[in-house]
Amino acid sequence: MKKLFLLCFSALTAATATAQYYPDGRPIPPRKRNAYYNRPYTRTAQPAFPRHGNTYYGFRIGMGVATVSSDAPALDANNAKTGLNVGFVAGTQITPAAPIFLESGLSYIEKGGKSDYQGNRFTYALNYLELPLLLKYKYHAAPQVTIEPFVGGYLAVGVGGKIKDYGDRKAYSSFDGDAPSSFRRFDGGLKVGCGVGFEMLYLGLSYDIGLANVGHYDFEDTRTGCLNLEVGVNF
(Lines give C-alpha, C1' and ligand atoms only; values in the text may rest on other atoms or scores of the structure.)
Protein backbone atom coordinates (compact mmCIF):
# COMPACT_ATOMS: atom_id res chain seq x y z
CA MET A 1 0.00 0.00 0.00
CA LYS A 2 2.85 2.43 0.84
CA LYS A 3 4.49 1.86 -2.58
CA LEU A 4 1.18 2.51 -4.37
CA PHE A 5 0.63 5.70 -2.35
CA LEU A 6 4.16 7.02 -3.09
CA LEU A 7 3.83 6.21 -6.80
CA CYS A 8 0.52 8.05 -7.11
CA PHE A 9 1.82 11.02 -5.12
CA SER A 10 4.86 11.31 -7.41
CA ALA A 11 2.65 11.23 -10.49
CA LEU A 12 0.36 13.94 -9.10
CA THR A 13 3.31 16.16 -8.21
CA ALA A 14 4.83 15.75 -11.67
CA ALA A 15 1.54 16.66 -13.29
CA THR A 16 1.29 19.95 -11.41
CA ALA A 17 4.88 20.86 -12.28
CA THR A 18 4.20 20.71 -16.01
CA ALA A 19 0.89 22.63 -16.16
CA GLN A 20 -0.34 26.20 -15.56
CA TYR A 21 -3.77 26.63 -13.91
CA TYR A 22 -6.13 29.14 -12.36
CA PRO A 23 -6.83 28.66 -8.62
CA ASP A 24 -10.09 26.87 -9.48
CA GLY A 25 -8.27 24.37 -11.72
CA ARG A 26 -9.14 25.96 -15.07
CA PRO A 27 -6.30 26.07 -17.66
CA ILE A 28 -4.94 29.50 -18.59
CA PRO A 29 -4.81 30.16 -22.36
CA PRO A 30 -1.14 30.51 -23.45
CA ARG A 31 -1.65 34.08 -24.73
CA LYS A 32 -2.87 35.22 -21.28
CA ARG A 33 -0.33 33.48 -19.02
CA ASN A 34 2.27 36.30 -18.88
CA ALA A 35 -0.30 38.92 -17.95
CA TYR A 36 -1.89 36.63 -15.36
CA TYR A 37 1.30 35.69 -13.52
CA ASN A 38 2.99 39.11 -13.79
CA ARG A 39 0.08 41.12 -12.41
CA PRO A 40 0.51 42.61 -8.91
CA TYR A 41 -1.29 40.82 -6.10
CA THR A 42 -3.06 42.56 -3.22
CA ARG A 43 -5.76 41.51 -0.82
CA THR A 44 -8.20 43.80 -2.62
CA ALA A 45 -7.28 42.36 -6.02
CA GLN A 46 -7.82 38.67 -5.34
CA PRO A 47 -9.24 36.53 -8.13
CA ALA A 48 -12.97 36.99 -8.49
CA PHE A 49 -15.28 34.24 -7.30
CA PRO A 50 -15.73 31.57 -9.98
CA ARG A 51 -18.87 32.01 -11.98
CA HIS A 52 -22.10 30.35 -10.91
CA GLY A 53 -22.23 26.75 -12.08
CA ASN A 54 -18.44 26.32 -12.05
CA THR A 55 -17.79 22.57 -11.74
CA TYR A 56 -14.65 20.57 -10.97
CA TYR A 57 -13.75 16.87 -10.84
CA GLY A 58 -10.99 15.25 -8.86
CA PHE A 59 -9.12 12.10 -7.91
CA ARG A 60 -8.09 11.36 -4.32
CA ILE A 61 -5.78 8.81 -2.70
CA GLY A 62 -4.50 8.59 0.84
CA MET A 63 -4.58 6.77 4.13
CA GLY A 64 -6.87 6.60 7.15
CA VAL A 65 -6.28 5.94 10.85
CA ALA A 66 -9.45 4.22 12.05
CA THR A 67 -10.94 3.09 15.35
CA VAL A 68 -14.09 1.32 16.56
CA SER A 69 -15.67 2.45 19.83
CA SER A 70 -18.21 0.08 21.38
CA ASP A 71 -20.06 -0.56 24.63
CA ALA A 72 -19.77 -4.26 23.76
CA PRO A 73 -16.35 -5.54 24.94
CA ALA A 74 -16.16 -8.00 22.02
CA LEU A 75 -16.29 -5.15 19.47
CA ASP A 76 -14.42 -2.37 21.25
CA ALA A 77 -11.24 -1.76 19.25
CA ASN A 78 -8.97 0.15 21.62
CA ASN A 79 -6.10 0.45 19.10
CA ALA A 80 -6.09 2.22 15.73
CA LYS A 81 -5.76 0.54 12.35
CA THR A 82 -4.42 2.16 9.17
CA GLY A 83 -5.94 1.63 5.74
CA LEU A 84 -6.15 2.86 2.17
CA ASN A 85 -8.53 5.53 0.84
CA VAL A 86 -9.11 6.08 -2.87
CA GLY A 87 -11.91 7.72 -4.80
CA PHE A 88 -13.31 10.40 -7.08
CA VAL A 89 -15.05 13.69 -6.27
CA ALA A 90 -17.14 16.25 -8.13
CA GLY A 91 -18.12 19.72 -6.97
CA THR A 92 -20.13 22.66 -8.22
CA GLN A 93 -20.55 26.24 -7.01
CA ILE A 94 -24.02 26.78 -5.56
CA THR A 95 -24.13 30.59 -5.38
CA PRO A 96 -22.52 33.39 -7.42
CA ALA A 97 -22.27 35.55 -4.29
CA ALA A 98 -19.60 33.46 -2.55
CA PRO A 99 -17.15 30.61 -3.33
CA ILE A 100 -19.34 27.95 -1.68
CA PHE A 101 -19.38 24.53 -3.35
CA LEU A 102 -21.42 21.37 -3.01
CA GLU A 103 -19.12 18.34 -3.28
CA SER A 104 -19.86 14.63 -3.51
CA GLY A 105 -18.22 11.54 -4.96
CA LEU A 106 -17.51 7.88 -4.25
CA SER A 107 -14.63 6.44 -2.25
CA TYR A 108 -13.30 3.07 -1.19
CA ILE A 109 -12.16 3.40 2.42
CA GLU A 110 -10.65 0.87 4.82
CA LYS A 111 -11.71 1.30 8.45
CA GLY A 112 -11.65 -0.94 11.52
CA GLY A 113 -9.44 -1.34 14.56
CA LYS A 114 -7.44 -3.66 16.80
CA SER A 115 -8.25 -4.97 20.28
CA ASP A 116 -7.37 -7.38 23.05
CA TYR A 117 -10.41 -9.28 24.33
CA GLN A 118 -10.34 -12.09 26.91
CA GLY A 119 -6.59 -12.41 26.44
CA ASN A 120 -6.81 -12.76 22.63
CA ARG A 121 -5.71 -10.28 19.98
CA PHE A 122 -8.29 -9.27 17.35
CA THR A 123 -8.21 -7.11 14.22
CA TYR A 124 -11.35 -5.76 12.58
CA ALA A 125 -11.11 -4.83 8.89
CA LEU A 126 -14.17 -2.86 7.75
CA ASN A 127 -13.99 -1.94 4.07
CA TYR A 128 -16.65 0.47 2.77
CA LEU A 129 -17.87 2.25 -0.30
CA GLU A 130 -18.55 5.73 1.00
CA LEU A 131 -20.72 8.51 -0.47
CA PRO A 132 -20.06 11.95 1.09
CA LEU A 133 -22.11 15.12 0.67
CA LEU A 134 -20.16 18.24 1.70
CA LEU A 135 -20.41 22.02 1.75
CA LYS A 136 -16.99 23.53 0.98
CA TYR A 137 -15.81 27.13 1.17
CA LYS A 138 -12.83 28.09 -1.03
CA TYR A 139 -10.85 31.01 0.39
CA HIS A 140 -8.23 32.44 -1.99
CA ALA A 141 -5.20 32.97 0.25
CA ALA A 142 -2.99 33.78 -2.78
CA PRO A 143 -3.47 33.83 -6.58
CA GLN A 144 -2.73 30.10 -6.86
CA VAL A 145 -3.57 28.89 -3.32
CA THR A 146 -6.98 28.13 -1.81
CA ILE A 147 -7.84 27.09 1.74
CA GLU A 148 -10.97 24.92 1.70
CA PRO A 149 -12.77 24.10 5.00
CA PHE A 150 -15.75 21.78 4.65
CA VAL A 151 -18.48 20.04 6.63
CA GLY A 152 -21.15 17.52 5.74
CA GLY A 153 -22.16 13.91 6.09
CA TYR A 154 -21.58 10.51 4.56
CA LEU A 155 -23.33 7.20 3.94
CA ALA A 156 -21.35 3.96 3.62
CA VAL A 157 -21.98 0.32 2.80
CA GLY A 158 -19.63 -2.48 3.83
CA VAL A 159 -18.19 -4.41 0.88
CA GLY A 160 -15.61 -6.62 2.56
CA GLY A 161 -13.23 -7.22 5.42
CA LYS A 162 -12.24 -9.89 7.92
CA ILE A 163 -12.31 -10.24 11.68
CA LYS A 164 -9.18 -12.13 12.75
CA ASP A 165 -8.96 -13.93 16.09
CA TYR A 166 -5.23 -14.56 16.63
CA GLY A 167 -5.81 -16.59 19.78
CA ASP A 168 -7.98 -19.26 18.13
CA ARG A 169 -6.37 -18.73 14.67
CA LYS A 170 -9.75 -18.03 13.07
CA ALA A 171 -10.99 -15.46 10.55
CA TYR A 172 -14.52 -14.70 9.38
CA SER A 173 -16.40 -11.99 7.51
CA SER A 174 -16.75 -8.65 9.28
CA PHE A 175 -20.33 -8.37 8.00
CA ASP A 176 -21.49 -11.92 8.73
CA GLY A 177 -25.01 -11.36 10.05
CA ASP A 178 -25.09 -14.78 11.75
CA ALA A 179 -22.24 -13.88 14.11
CA PRO A 180 -23.19 -11.55 17.01
CA SER A 181 -19.59 -10.30 17.22
CA SER A 182 -19.69 -9.05 13.60
CA PHE A 183 -20.81 -5.68 12.25
CA ARG A 184 -23.84 -4.31 10.44
CA ARG A 185 -23.18 -3.48 6.82
CA PHE A 186 -24.46 0.12 6.71
CA ASP A 187 -22.81 3.13 8.34
CA GLY A 188 -23.30 6.90 8.30
CA GLY A 189 -22.19 10.01 10.08
CA LEU A 190 -20.54 13.42 9.87
CA LYS A 191 -17.42 14.46 7.98
CA VAL A 192 -15.45 17.61 8.84
CA GLY A 193 -12.10 18.81 7.59
CA CYS A 194 -10.04 21.25 5.58
CA GLY A 195 -8.14 21.10 2.32
CA VAL A 196 -5.50 23.19 0.57
CA GLY A 197 -5.42 23.65 -3.20
CA PHE A 198 -2.34 24.72 -5.16
CA GLU A 199 -3.00 25.01 -8.89
CA MET A 200 -4.45 21.56 -9.65
CA LEU A 201 -2.86 19.80 -6.63
CA TYR A 202 -5.02 19.13 -3.55
CA LEU A 203 -4.12 18.10 0.02
CA GLY A 204 -6.86 17.38 2.55
CA LEU A 205 -7.32 16.31 6.17
CA SER A 206 -10.72 15.15 7.45
CA TYR A 207 -12.39 13.11 10.17
CA ASP A 208 -15.34 10.73 9.84
CA ILE A 209 -17.56 10.70 12.94
CA GLY A 210 -19.72 7.59 12.84
CA LEU A 211 -23.26 8.10 14.15
CA ALA A 212 -24.86 4.78 13.19
CA ASN A 213 -24.79 1.75 15.48
CA VAL A 214 -22.80 -0.74 13.38
CA GLY A 215 -22.96 -3.54 15.96
CA HIS A 216 -25.63 -6.22 16.31
CA TYR A 217 -26.18 -5.42 20.01
CA ASP A 218 -29.26 -3.19 20.18
CA PHE A 219 -28.53 -1.95 23.71
CA GLU A 220 -24.79 -1.36 23.23
CA ASP A 221 -23.67 1.25 20.71
CA THR A 222 -20.81 0.56 18.32
CA ARG A 223 -19.49 3.42 16.21
CA THR A 224 -16.65 3.97 13.77
CA GLY A 225 -14.21 6.86 13.51
CA CYS A 226 -11.48 7.62 10.98
CA LEU A 227 -8.87 10.35 10.47
CA ASN A 228 -8.15 10.71 6.73
CA LEU A 229 -5.16 12.27 4.95
CA GLU A 230 -5.54 12.58 1.15
CA VAL A 231 -3.71 13.99 -1.85
CA GLY A 232 -5.20 14.43 -5.28
CA VAL A 233 -5.77 16.52 -8.38
CA ASN A 234 -8.69 18.63 -9.58
CA PHE A 235 -9.64 19.09 -13.24
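Residues numbered from 1 in each chain as written. Predicted model: local features only at pLDDT ≥ 70, side-chain atom pairs only at ≥ 80, totals over all residues. Heavy atoms only, no water.

With respect to the pairing of strand β6 (residues 145-160)
Next, step 1: Bridge analysis of strand β4 (residues 120-137) against β6 gives ten bridges, and the strand direction is antiparallel. Its bridge partner lying in β6, Lys-136 is registered against Phe-150.
Next, step 2: As judged from the three bridges shared by strand β5 (residues 139-142) and β6, these two strands associate in the antiparallel manner. Counterpart to Tyr-139 in the pairing with β6 is Ile-147.
Next, step 3: Between β5 and β6, which pair antiparallel one after the other, the connecting turn spans two residues.
Next, step 4: In terms of strand pairing, β6 meets strand β9 (residues 186-198) through 13 bridges, oriented antiparallel. By the bridge assignment, Tyr-154 is partnered in β9 with Gly-189. (Pairing = 2+ DSSP bridges. Helix = DSSP H or I, 4+ residues; strand = E, 2+ residues; numbered from the N terminus.)

Some remarks on the side chain of Asn-127
Next, step 1: With respect to the element layout, Asn-127 can be found in strand β4.
Next, step 2: The exposure class assigned to Asn-127 is buried, which follows from its relative accessible area of 13%. (Buried < 20%, exposed > 50% of the residue type's maximum accessible area, 1.4 Å probe, protein only.)

Digging into the nonpolar core
Next, step 1: Core analysis: the biggest nonpolar cluster contains 16 residues, and Val-68, Tyr-124, Leu-126, Tyr-128, Ile-163, Phe-175 and Phe-183 have the highest contact counts within it.
Next, step 2: Listing elements by their share of this core, those giving two or more residues are β1 (55-70), β4 and β6.
Next, step 3: If one sorts the elements of this core by residue count, β4 sits on top with four residues.
Next, step 4: Contacts of Val-68, omitting those with residues within four sequence positions, involve Leu-75, Asp-76, Ala-77, Gly-112, Gly-113, Leu-126, Phe-183, Thr-222 and Arg-223. (Core = buried A, V, L, I, M, F, W, Y, C linked by side-chain atoms within 4.5 Å. Contact = heavy atoms within 4.5 Å.)

Re empty space enclosed by the protein
Next, step 1: Considering all chains together, one arrives at two cavities of 30 Å³ or more under this definition.
Next, step 2: One number sums up the size of the largest cavity: a volume of about 240 Å³.
Next, step 3: Contributing to the lining of the largest cavity are 18 residues, with Val-89, Ser-107, Leu-134, Lys-191 and Glu-230 lying nearest its centre.
Next, step 4: Among the residues forming the lining of the largest cavity, the class breakdown is seven nonpolar, five polar and six charged. (1 Å grid on protein atoms, 1.4 Å probe; cavity = no way out; pocket = protein on both sides within 12 Å on 5 of 7 lines; lining within 4 Å. Points joined across faces, edges and corners; volume = space filled by probe spheres on them. Nonpolar A, V, L, I, M, F, W, Y, C, P; charged D, E, K, R; others polar.)

Some words on the environment of Leu-129
Next, step 1: Summarising the element assignment, Leu-129 is placed in strand β4.
Next, step 2: Residue classification places Leu-129 among the partly exposed positions, given a relative accessible area of 34%.
Next, step 3: As a C-alpha pair, Leu-129 and Gly-158 span 29 residues in sequence and 6.5 Å in three-dimensional space.

Focus on the confidence of the model for the chain
Next, step 1: Mean pLDDT over the chain stands at 83; residues scoring 70 or higher make up 76%.
Next, step 2: No element of the chain has a lower mean pLDDT than helix α1 (residues 2-17), at 49, and none a higher one than strand β10 (residues 201-210), at 98.
Next, step 3: Low pLDDT (under 50) marks residues 11-25, which in the prediction has 36 contacts with non-local residues, meaning those over four places away or in another chain. (pLDDT = per-residue confidence, 0-100.)

Some words on the packing of aromatic side chains
Next, step 1: Scanning the entire structure with this criterion turns up six aromatic pairs.
Next, step 2: Judged by centre distance (6.3 Å) and plane angle (55°), the rings of Tyr-117 and Phe-122 are tilted.
Next, step 3: What makes Tyr-117 partly exposed here is its relative accessible area of 25%.
Next, step 4: Given the relative accessible area of 10%, Phe-122 is considered buried. (Phe/Tyr/Trp six-rings, centres within 6.5 Å; stacked < 30°, edge-to-face > 60°.)

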